[in-house]
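# Per-entry structural report
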Amino acid sequence: MSSTDPHVDHALAYPEPPASPLWHRHGGVQTRPLTEAEKKRNRELLVLAQYTPRPRSPRPTETLAEAG
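Right, let's walk through the structure included here. (Residues numbered from 1 in each chain as written. Predicted model: local features only at pLDDT ≥ 70, side-chain atom pairs only at ≥ 80, totals over all residues. Heavy atoms only, no water.)

### Digging into the overall build of the protein
Worth spelling out the cut-off: A run of H or I in DSSP counts as a helix once it spans at least four residues, and a run of E counts as a strand once it spans at least two, with each numbered from the N terminus. Only protein chains enter the accessibility calculation, which uses a 1.4 Å probe. A residue is then buried if its area is under 20% of the maximum for its type, exposed if over 50%, and partly exposed in between. Exposure was quantified through the Shrake-Rupley algorithm and a 1.4 Å probe, taking into account, for residues, occlusion by the shown protein chains and nothing else.
Tallying secondary structure elements over the protein gives two helices and zero strands in all. Counting over 68 residues, the protein shows a buried share of 0%. Of the roughly 7500 Å² of accessible surface on the protein, 60% is carried by carbon and sulfur atoms.

Set out below in structure tokens:
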């Protein structure tokens, strides 16, 4: 394939670099399981976050025609 081919995705020209070693767990360290109380609290927070409207930024009171 030539480099002038318009169908070539140049983002894929090189292999993806290896992941950072900081992203891997070493030594078989296990995370502790969540307690039932923690699971319930997480579910409540998720529901609250999904249904609570975000505060809107204040809008200017004058129109673009009045401002210009």
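Moving on from the model shown.
### Overview of the pattern of salt bridges
Stated formally: The rule for a salt bridge is simple: a side-chain nitrogen of Lys or Arg has to be within 4 Å of a carboxyl oxygen of Asp or Glu.
All chains considered together, the criterion is met by three salt bridges. Note that Glu38 is salt-bridged to Arg32, the shortest N-O span being 2.9 Å. We classify Glu38 as partly exposed; its relative accessible area is 25%. For Glu44, the salt bridge identified is with Lys40, shortest N-O distance 3.0 Å. Taken together, the residues span about one helical turn, with Glu44 and Lys40 both in helix α1 (residues 36-51) at a distance of four residues.

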